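# Structural features, examined
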Amino acid sequence: MRRTITAVVVAVFALTLVGCGGGGGGGQQETQQQAPAQQAAPAKQQQPQVVDRSPVETPTLVPFPSALSTDLPSAVKSKLDAGRPMLMFFYDSDEPETKEQRAEIDAVLGEYRGLIDLVAFDVKGGDSGQATDAAKQAAMLAADLGVKATPYIIVVDRNGFITWRWLGFVDRDVIEREVLRATQ
């Protein structure tokens, strides 16, 4: 470890001298001084990489998929056709987080009533044989949109672009920020 640090310090010092004009006239000195820097580079690559497993927010606008394997529910289609922003909420009514997440969503939508519409889909039983047609359609729409688990929120702006996605519980401050972003 000391050799690596020493090599990096020497390389930085040497490059500073060369950059300031104190390197002399010979090209051989530059080659000899760059060798420790090249040896230090592989040592940096051996460090273990930290993997970020936090949910990823969509940084750019993504158009709402026009080609889906299932027909869009009339509630979603009418909002897209009318240019209305919407918050799509996919949930499983058996999950304990569902009521808490719905309370956070309702609190935000209560403050911004009329600016954005809520379209909620209970995907409970979408894979079982006892599922209703609505649950099957909700599960197929969720699969088309890349929803792999619930609760899942998708915000769509008035131009039909997905502005934000979130998997799991999220508090009302973040939901409020995204609702404002989609409605402006």
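We now turn to the structure provided with this report. (Residues numbered from 1 in each chain as written. Predicted model: local features only at pLDDT ≥ 70, side-chain atom pairs only at ≥ 80, totals over all residues. Heavy atoms only, no water.)

## Describing the pairing of strand β5 (residues 161–167)
Test applied: Buried residues are those whose accessible area, probed at 1.4 Å on protein chains only, stays under 20% of the maximum for their type, while exposed residues exceed 50% and partly exposed ones sit between those limits. Segments assigned H or I by DSSP are reported as helices when at least four residues long, segments assigned E as strands when at least two residues long, and all are numbered from the N terminus. The criterion for strand pairing is that DSSP finds at least two bridges linking the strands in question.
Among the seven residues of β5, five are classified as buried, and the element is accordingly described as predominantly covered. Of the strand pairs in this sheet, strand β1 (residues 62–63) and β5 are connected by two bridges, and their pairing is antiparallel. For V62, the partnering residue across the bridge sits in β5 and is I162. Here strand β4 (residues 152–156) pairs with β5 via five bridges, running antiparallel. Bridging across to β5, I153 finds its partner in W166.

## Focus on unusual backbone geometry
Here the residue pair T150 and P151 is connected by a cis peptide bond, since its omega of -5° sits within 30 degrees of zero. Within the secondary structure, P151 is located in the loop between α5 (133–144) and β4.

## Topic: the sheet that holds strand β2 (residues 86–91)
Across the sheet, five strands lie side by side as β1-β5-β4-β2-β3; this open sheet has mixed pairing. Looking at which strands have only one partner, the edges of the open sheet turn out to be β1 and β3 (117–122). Sheet analysis places β2 next to β4, joined by five bridges and oriented antiparallel. Bridge pairing in β4 places M86 opposite V156.

## Quick word on the nonpolar core
For the record, the criterion: By convention a nonpolar core is built from buried Ala, Val, Leu, Ile, Met, Phe, Trp, Tyr and Cys residues, the set being connected through side-chain atoms within 4.5 Å. Here a residue-residue contact requires only that any non-hydrogen atoms of the pair lie within 4.5 Å.
By size, the foremost hydrophobic cluster in this structure holds 17 residues, and its most contacted members are M88, F90, F121, L145 and I154. Going through the elements one at a time, β2, β3, α5 and β4 are the ones with two or more residues in this core. Those residues in contact with F90 that lie beyond four places of it in its chain are F121, V123, A138, L141, A142, L145, V147, T150, P151, Y152 and I154. Counting 16 residues, the second-largest nonpolar core is a separate cluster that includes I105, V108, I116 and W166.

## A word on the side chain of D157
For the record, the criterion: Side-chain atoms alone can form a polar contact between residues adjacent in sequence; in general such a contact is a pair of N or O atoms within 3.5 Å, and within protein one must be able to donate a hydrogen while the other accepts it.
As for its placement among the helices and strands, D157 is situated in the loop between β4 and β5. Reaching out from D157, the side chain makes a polar contact with the backbone nitrogen of N159 at a distance of 3.1 Å. Look past the residues within four positions of D157 in its chain and what remains in contact with it is R84, P85, T163 and A182.

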